[in-house]
Amino acid sequence: MAKLIPVMRIEFSTFCPSVLPFRAYSLLLTYSGVYEKPRGNKKHGASFIITRAITGPALFLLQYIWYSPAKFSLPAGLVRLVSKQINWHLVLASNGKLLAVVQDQCVEIRSAKDDFGSIVGKCQVPKDPNAQWRRVAWSHDCTLLAYSESTGTVRVFDLMGSELFVISPTTSFPGDLSYAIAGLIFLEYKASVQWSAELLVINYRGELKSYLVSVGTNQSFQESHSFNFSSHYAYGITAVVYHSGHRLLFVGGCETDKNEVSKATKCGISAWRVLSGFPHYKQVTSYEEDTGTAKRSGLLRIMNFRFYSRQGTEQDGVFKMSLSPDGTLLAAIHFSGKLTIWGIPSLKQQGEWDQRDQPGYDEINPECRLSVEKRKKIRDKELYYPLMDVNWWAENAVILARCSGALTVSSVKTLKNLLGKSCEWFESSPQVTSSHDGGFLSLECEIKLASKRLRLESRPGEEDEGEDDFDSDDEISAKARYFSYVKQGLYFVTEMERFAPPRKRPRTITKHYRLVSLRSTTPEELYQRKIDNEEYGEALSLAQAYGLDSDLVYQRQWRKSTVNIASIQDYLSKIKKRSWVLHECLERVPENVDAAKELLQYGLKGTDLEALIAIGKGEDGGRFILPGEVDIDEIPYEEFLSPDEEVENRKEREARKHQELLLSVNFSKLTLEQKELSRSRLKLLTYLDRLATYEEILGGPNAAEERYDAEFFKKFRNQNIVLSARTYARESNVRALEILFTYHGSDLLPHWLAIISNFPETTSPHEYSFLLPEACCRKDVLMILPWNEQKHREEDWCENPQCKTLFEPVLQDEAEFLYEAQPELLKYRTAKLSIDLVSDWYWNRAQEIEKYAMQVDCALSLVRLGMERNIPGLQVLCDNLVTLEMLIYETGCDLTLTLKDLQEMKDSEKLRLLMMNSSDEKYVKNIYQWMVPFLHRCENQSPGLANTLFREYLVTLAKEDLKFPLKIFQNSKPDCQQKIIPDQDQLMSMALECIYNCERDDQLSLCYDILECLPQRGYGPETDITKTLHDRVDELEKILSVSEILEKHGLQKSVSFVKDTQSSPEQARKLMIRLTRHTGRKQPPVSEMHWKGLLQDMLDMQQNVYTCLEPDTCYEIFTESLLCSSHLENIHLAGQMMHCSVESVDPPVSVASKGKPQYRVSYEKSIELVLAAGREYFNSSTSLTDSCMDLARCCLQLIVDCPSAVQEELDLVRALNYLDEFGVTILPLQVRLCSDRLSLIKDCISQLPTNYKQSAKIMGLADLLRVAGDDQTERKGQVLILLVEQALHFQDYKAASMHCQELMATGYSKSWEVCSQLGQSEGYQDLGARRELTAFALTHCPPSSIESLLAASSSLQTQILYQAVNYQLRPSEGGENTNVSGTSSLITKETPQVSFKARL
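The sections below set out a description of the structure shown in this document. Quantities reported herein were computed from a predicted structural model and do not represent experimental measurements. (Residues numbered from 1 in each chain as written. Predicted model: local features only at pLDDT ≥ 70, side-chain atom pairs only at ≥ 80, totals over all residues. Heavy atoms only, no water.)

### Focus: empty space enclosed by the protein
Applying the stated criterion across every chain yields a total of six cavities of 30 Å³ or more. Lining the largest cavity are 16 residues, and of these Gly152, Pro169, Val201, Asn203 and Lys209 lie nearest its centre. Counting residues per element, the ones that place at least two in the lining of the largest cavity are strand E12 (197–203) and strand E13 (207–214). With four residues, the top contributor of residues to the lining of the largest cavity is E13. (1 Å grid on protein atoms, 1.4 Å probe; cavity = no way out; pocket = protein on both sides within 12 Å on 5 of 7 lines; lining within 4 Å. Points joined across faces, edges and corners; volume = space filled by probe spheres on them. Helix = DSSP H or I, 4+ residues; strand = E, 2+ residues; numbered from the N terminus.)

### Things to note about a negative patch on the surface
A surface patch of negative charge is lined by Asp644, Glu645, Glu648 and Glu652. Mapped onto the fold, Glu648 is located in helix H17 (residues 643–663). A relative accessible area of 45% places Glu648 in the partly exposed class. (Patch = residues over 30% accessible without salt bridge, like charges linked within 9 Å, V, L, I, M, F, W, Y side chains within 5 Å. Areas by Shrake-Rupley, 256 points an atom, 1.4 Å probe, with all protein chains shown as cover. Salt bridge = Lys/Arg side-chain N within 4 Å of Asp/Glu carboxyl O. Lys, Arg positive; Asp, Glu negative; His and termini not counted. Charge placed at Lys NZ, Arg CZ, Asp CG, Glu CD. Buried < 20%, exposed > 50% of the residue type's maximum accessible area, 1.4 Å probe, protein only.)

### Looking at the packing of aromatic side chains
Taken as a whole and assessed by the stated rule, the structure comprises 26 aromatic pairs. On the basis of an interplanar angle of 70° and a centroid distance of 4.9 Å, the ring pair of Phe227 and Phe229 is categorised as edge-to-face. Between Phe759 and Tyr768, the ring centres sit 4.1 Å apart and the planes meet at 5°, which makes this aromatic pair stacked. You'll find Phe759 and Tyr768 in the same group, each marked buried. (Phe/Tyr/Trp six-rings, centres within 6.5 Å; stacked < 30°, edge-to-face > 60°.)

### Things to note about the sheet that holds strand E18 (residues 281–284)
As summarised here, the arrangement of the four strands in space is E15-E16-E17-E18, forming an open sheet in which the pairing is antiparallel. Each end of this open sheet is capped by a strand with a single partner; those strands are strand E15 (237–243) and E18. This sheet shows a mean twist of 30° between the axes of neighbouring strands, independent of strand direction. Two strands pair when backbone bridges link them, and E15 and strand E16 (residues 248–253) are joined in this way by six bridges, in the antiparallel orientation. Among the inter-strand pairings, Val241 is bridged to a residue of E16, identified as Phe250. (Pairing = 2+ DSSP bridges. Axes fitted to C-alpha atoms, helices over the stretch in contact; angles between N-to-C directions.)

### Notes on the pairing of strand E3 (residues 89–92)
Neither face of E3 is left uncovered, since the one carrying His89 and Val91 and the one carrying Leu90 and Leu92 both have all their residues buried. Pairing analysis gives four bridges linking E3 to strand E4 (residues 98–102), with the strands arranged antiparallel. Bridge pairing in E4 links Leu92 to Leu99. Between E3 and the antiparallel strand that follows it, E4, lie five residues; Gly96 among them carries a positive phi value of about 75°.

### Focus: unusual backbone geometry
Each neighbour pair has its own omega, and for Ile344 with Pro345 the value is 10°, a cis peptide bond. Locating Pro345 in the fold gives a position in the loop between strand E21 (339–343) and strand E22 (349–353). Geometrically, the link from Gln1083 to Pro1084 is a cis peptide bond, its omega value of -5° lying close to zero. Inspection of the secondary structure puts Pro1084 in the loop between helix H39 (1065–1080) and helix H40 (1088–1104). Phi at Ser429 takes a positive value of approximately 55°, unusual for a residue other than glycine.

### Observations regarding the environment of Thr686
Tracing the backbone through its elements, the reader meets Thr686 in helix H18 (residues 672–698). Given the relative accessible area of 31%, Thr686 is considered partly exposed. Placed 32 residues apart in sequence, Thr686 and Asn718 show a C-alpha to C-alpha distance of 8.9 Å.

See below:
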């Protein structure tokens, strides 16, 4: 099945000097398909072979022995021509906007919107074995499409490809092509709105049927009428066209030999008027036909036809007809190849040309001469001469297509080909449409057999059928077919090999259908299309004929060819337009370096002084002018010289000529064209220089041939040279940048430092070291060496500054972008570098490298390279970078450390960082590797700084640990070969300082190790401070001994502590106390011997170091610690160390230990120590039963004579017993700290309701607690008052009265208040006692209480009087009864006022 494949649009043109001077072809679409056609060896069944064998003779006799020209037999000429048509058909709608392409099994509907590239609809149709006999037609409004099959079946479709209905023929016989449709015509139908159109279906028999068709919701069809043309066309009709303007049907058929008919009728053409009613069609005849009387009978006519047929003469007839666009002419092609033109509607003949009279009828496609396959297909050339299709280009021109593939647009008057001398060639039998919008469509089919290689690979036994045309089977004679059928039948019956047909393999045929658009055009358009189609020879002929610009041809050839010397000579040199040539020289970049150079040099030849002068004189005409060359024929023979002399001579002549030309130019009066030429030349020179530079960058001419990149050079040659330099710098292309500096120094060297600042910070400066500025001394002056610049060539005349300013007055700053992006580089922009500027650049660039890349090695390399190049002022930066490099890469320091951070550090911090991560094993090695070089660098910068830094470093280390200082001192011993500290005085000084600054208390062993590293007294040379240092070392030994004692007893102290406290009695005392107390707290308790050893160590410490303390102080501290050790044994031992009574004396010497007098603490100090210890134990006790209370009692009892202070402490201990008995729970310390100890008595009294009755015990507790101090009266009074208050609270008036009597007896005035309370207590019946109490209260009360007490006293007095009176009246009642009491109470209410008044 063939397939539709859209392809690219292709246009080509051919010259024609006539009415249509040009024509254009456009390949719109191609269809391709593969078909397999069996040849020979056809695999049919036996019944088929027998049938063919039997029916073969009958067919032969029917066709050749008695061939009857029945009216249903199709004309042979028609069958022959139809069979030569291609299987597909092409019909353009009347509006030119839709196209129907009839394919094998579908009809594609395409739209003109996109040059028929898209499918609007697709109509599916069954495959037709006689595809050439199909027909298709559009309705008048282009909404319906009718398709007919070879059987006469008609299918109607809409634009979407939907099948609306099928019209089947009434009668049809398979294989009988007379039922095929000869005319398929839509007529506009207005009689009823029910029907959309009228469809005329006319078959080759001449049978016409009219159908009314309806579309939309009620799509259907109905037969309207029928008509038969057989009465007029005995052999049927062959073609039908409809003229809508005249409502005429033009019918074509076989010609006739009647004499009385018109010329058109003789040729087989008749016109029929379409009527609205019966008989529906009426033939339009001429006057001659209407008046003719000679008529033949039907029998004679039939006999004549039979006789005509028997004679074997082929009857001519109309094959196709076509109406002109204006409907005034009808073109018809006949079986014989004749072409006739008729006027409409008269059918008057306007022209007639037999096949042999037609121009170019016998031309053969030129491709057939080149193709063996096509040459074999056209063995009988005459078969390819006839016309196959006709249509109209315009009212006066027809489109003719021949079987050979020739297509012409010919004049209807002369039949001259309007397309030119030669026709246009297509594949065999192309189809054409009428013109529309200045063009028409053509459909062709290219048929290709399988390649010869594939045919050679066929199976053995199969015959190769050569390259015969696949349609040759249709041309085999009937006789040959008959004998072939007989042989097949005999082979089937006998199976003899002699009758076996030759076995032939099936052939694979590929068909390519092409839809081509042909349009009219102008000479210019045709010329352009010739150029586009690369038909350069024809294009040049057109240019010559029409005076067109031939430059266009050479321009196209030039652009399509690669640039080389040949293409320059063949194409570019023939182009006359100077601006175009210069544009190509300037804009085109060849693909190889030699061609690029040649092109630029060619451009330079046309921009030299000769061209400049010619432009100035107006002699150029815009042409590209090359300089004239010396003609060798004009030089005499005698002037021929040797090659070298000739070259020299030529140079001299060229120089003189150049100078003469240069002097003839007035550069101050250049025209615009001259300035533009000069600018072009300057640009060409720039490109040439850039090309030479690019060659150098690529490695020279040889390497450039292989590595040349046209795209890169196109960018490079137009690029700002400063930008190129910066780009190469950023790409670290050192070689390229060096070449740019060398050959373009005038543009780049003012930006030298700024450009090399763009090297990536990660690139090692050693890679671009030869690009770095270098200084040298010249005449004792340090200066920067200039760059060694070179030039590719000598300066051209257009590069002269005076000339250059005329056509390029404003020079753009090419480096402006460089400083806009990096304004900090602007200070380095200068034509001549100074030492200070370069030094500053090295400094800043090194800092940038370290900052942005964090690669110290690159920064250091740059600085060192600068120093190597004699750049001053870089030593400090170099030292810092060396230190930073050491810190980053060797010591494993913080990787984020930057140069800025390092520069802000002190040297001591740098030294500390250097050695911070050193391991114990490599510490000494690292000192020599890291520290010593750093100190040397510091010493070089500032003499004396190294010792200071080293000392500071050691001291700083020693504060935390002496481990690393010890290693340094061990490697500085006097007996070491290589000493870190070579000076002995410095060694001792640093060792002392390190030990004394060590703040740790666990470094004593290291201190002794350091001490061993120091030189002995008298060793080595001595200076003024050597003796002093040795004395300080001796002092250190004593201090270390103290530290050792402290460490022995578990009280570790740093050496610096001992050193700092040796002159402070207070600190020394605290140290002794801590030492003894620490020993006293040890568990288990230490022995007496240990204590005695501690005492001796204390005395040694005092004697060696702590001389600020007295020995007595040591004994006192020791004794005190014994007392406070919380052990009875130690307390007893302390008793031996003290005088425990006033009369105590020191023991005799004989009793003393080791003959030494035993020292005892004085009696007064002993009391202090005992009291302090006792108080400490007492205070630390939690209760009376606490063990510390026993220790306190034991300490206090050491003093035999028990002085008052001791007794007071003992009483306080006893008081705790009383408090416990009274039920008061309180800490001993609280008792001691209680400022109001009377409150303790109060707590005891209030603890139990009966406690107040134990007055003697409470009074004893008050004595022990020393209530009111030593004032016993006050103490007793306060306690009694508390007892009275508690008794009154419980209404124990007896006890209260007893204690009040004691208070009154002692005269304790503060007790007036409690006496007043008791005296005023109504429950107390002893009025006399109450009166006394009240009287005592009145005596000792403050003035404010007198009034109330007088009232109370008066009341008591009244009561006593009433009691006395009552007693006298009722002696028997004993004087006291309730009535008296009640009366006295009543009297009491009124008596006080009277008494008070009386007293007042």
